[in-house]
Amino acid sequence: MKDRYDVLIVGGGPAGSTAARFAAQNGVSVCLLERDREIGVPVRCAEGVSDTGIRKIIDINPNWIAATIKRFRFHSPTKKYVDVSSNEIGYVFYRRIFDHDLAVEAAKSGVEIFTKATVCGFTKTEDGFTNVLVRYENRERTVQAKIVIAADGIESRIARMAGIRTNLALKDIESCAQVLAGNVDIDPGRIDFYLSEKWSPGGYVWVFPKGNRMANIGLGVNGSMAKGRSASEYLNEFLDQNFPNASRLTTIYGGVPVTTNLSRLVEDGLMIIGDAAHQVNPLTGGGISSAMAAGKMAGIVAADAIHCGDISRKKLCTYENEWNRTIGKDYRRFYRLKEWIRNMTDKEFEEIASAFQGMAPTDVKISSIFRMAVKNKPSLIVDAIKVFAGF
Amino acid sequence: MIRINREICDLCGVCVSVCPEDCLELTETYLRTDNNICIGCRFCIKVCPVGALSEVEESDERPL
Ligand SMILES: Cc1cc2nc3c(=O)[nH]c(=O)nc-3n(C[C@H](O)[C@H](O)[C@H](O)COP(=O)(O)OP(=O)(O)OC[C@H]3O[C@@H](n4cnc5c(N)ncnc54)[C@H](O)[C@@H]3O)c2cc1C
Ligand code: SF4
Ligand code: SF4
């Protein structure tokens, strides 16, 4: 580890590795620090991605793909279901391999990566650079950087150290539990969602196939609606009722921010990306491809700022503005939809399922399901049409 | 004050993300609380996916 770098990135998830690669490819020196012993582990994710989302950032390696998804099924509380076929191709990934490979690509671009390296704090130097306090193995040291990129995931404490409030409101977090279930009888090319207040209040249950009779089965419970029970208790109940014979090959827990992104994504010499910036689709909870999109934007802008010798908030705002104009704008619409759907009752879910009974999957569009869901809230219909255009 | 059941805490960081006072800090192998600045809002307890957190009277706290 050297004493100074142009760009120092905190966190080796999809956001950090992508930002690192694009900054390095644009000609600046980059160091990436990851607290854990191994990039990509532990996996706290259902591993579902869309082909277009990933392909915008990186070519898809077949080794990442556990299952290819072409169909969706939504289950109502009484297990009526609605089948939807989509033109969009989805995958269930092996994130352990995927995150690892993203870091390998970053390293090949010249990024210096360290595991077991935790960022504990930082101070500003007189010339506007940042002295980053790093605990690496059993020693503390100071590394100087012109720009720090905070990609430290849901905890988002790096931005807090700079005085930005990143703590989530209870209604804006999904508390999640998941198992990799073995020996389950499922359609290997279909993703299933179960919607019910009883199984996962303010969230949903997912069944994402992973091949060989396995599936990631998990759920999210809204932080403000859990009624004193933990996500793991909800999941156990769901599994006992719906997959009583499943083996549980992996058990994981985690949280997903379901809100709009931080109002300030950059400060002088600091950029915030990925879960740390709350850049997750608040309706689906998908954050992998948006973390990477933000990483790409931030990496390119950071390198340009270094070349121009201007690391001010004003300069770095190119990234903030690009995000807010593009994905951020869509996600604000998704947030309004999520706030409505979060409060829907089992009776309403049942009504929607009933309305689509007997229809062929090719005739059911995701946009029509959501239009039906918001029919009593006309102001949201435009949102539903805009964000699901093409689905 | 907040007590962590270390037998079941999975170090997932969800509690850290909601703490308004930033009194929770995660390392790779340990969750640390600073009970001097905890305001007792219980947000962390409500979002823990495994129910590893609880509120206890000061006198209940066992030494580690
Ligand atoms: C149960 C669950 C299911 C999900 N399912 C999906 C899904 O199906 N599809 C999807 O697209 N998204 C899903 N997500 C969301 C997705 O996992 C995240 O959006 C994504 O991982 C965000 O990437 P990131 O790089 O921002 O953060 P992370 O992947 O969380 O990486 C942050 C990294 O920073 C490190 N770090 C933290 N603090 C420090 C520090 N001080 N110093 C050094 N390193 C530090 C952490 O160890 C971690 O490795 C799911 C999330 C959960 C919890
Ligand atoms: S939310 Fe619960 S399991 Fe996760 S780190 Fe906090 S105490 Fe541990
Ligand atoms: S009770 Fe509130 S202030 Fe105290 S640790 Fe939990 S979230 Fe933080």
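The preceding data block contains the structure.
Only a predicted model underlies this, so the values are computations on that prediction, with no experimental measurement involved.

A.B. asks: What should I look at first to understand the site of ligand 2 in this one?
C.D. replies: In the region of ligand 2, the neighbouring residues are Cys9, Asp10, Leu11, Cys12, Gly13, Cys15, Leu31, Cys48, Pro49, Val50 and Leu53 of chain B. For the shell around ligand 2, the residue count by class is nine nonpolar, one polar and one charged.

A.B. asks: What is the right way to read the side chain of Asp36 of chain A from this model?
C.D. replies: Here Asp36 of chain A shows up in the loop between β2 (30–33) and β3 (48–50). Residue Asp36 of chain A is classed as buried on the basis of its relative accessible area of 14%. Discounting chain neighbours no more than four positions away, the residues touching Asp36 of chain A are Val41, Pro42, Thr115 and Lys116 of chain A together with Glu28 of chain B.

A.B. asks: Quick question: what am I supposed to make of the nonpolar core here?
C.D. replies: Grouped burial of nonpolar side chains is what soluble globular proteins tend to show. Counting residues in each nonpolar core, the largest one holds 97 residues, and the members touching the most others are Ile147, Met271 and Tyr319 of chain A. With nine residues, helix α6 (residues 288–308) of chain A is the single largest residue contributor to this core. Listed in part, the 44 residues of the second largest apolar core include Val179 and Val207 of chain A together with Leu31 and Val50 of chain B.

A.B. asks: Got a minute to help me understand the interface of chain B and chain A in this structure?
C.D. replies: You'll often see interface size given as the accessible area lost when the parts meet. Facing 24 residues of chain B, the contacting portion of chain A comprises 26 residues. Of the roughly 2,100 Å² buried between chain B and chain A on both sides combined, carbon and sulfur atoms contribute 51%. A per-residue breakdown of the area chain B buries against chain A is headed by Ser17, Glu28 and Pro49 of chain B, which together make up 29% of the total. The interface formed by chain B and chain A holds five salt bridges in total. Ionic pairing is found between Arg157 of chain A and Asp22 of chain B, a salt bridge with its closest N-O pair at 2.8 Å. The tally of links from chain B across to chain A stands at 12 residue pairs in polar contact (both at pLDDT 80 or more). Elements with a contribution of two residues or more to the side of chain B that touches chain A: α1 (14–18), β2 (24–26) and α2 (43–47) of chain B. Looking at the side of chain B that touches chain A element by element, the count peaks at four residues for α1 of chain B.

Calculation rules
Residues numbered from 1 in each chain as written. Chains lettered and ligands numbered in written order. Predicted model: local features only at pLDDT ≥ 70, side-chain atom pairs only at ≥ 80, totals over all residues. Heavy atoms only, no water. Near = heavy atom within 4 Å. Nonpolar A, V, L, I, M, F, W, Y, C, P; charged D, E, K, R; others polar. Helix = DSSP H or I, 4+ residues; strand = E, 2+ residues; numbered from the N terminus. Buried < 20%, exposed > 50% of the residue type's maximum accessible area, 1.4 Å probe, protein only. Contact = heavy atoms within 4.5 Å. Core = buried A, V, L, I, M, F, W, Y, C linked by side-chain atoms within 4.5 Å. Buried area = accessible area lost by both parts, 1.4 Å probe. Salt bridge = Lys/Arg side-chain N within 4 Å of Asp/Glu carboxyl O. Polar contact = N/O pair within 3.5 Å; in protein donor to acceptor, adjacent residues only side chain to side chain.

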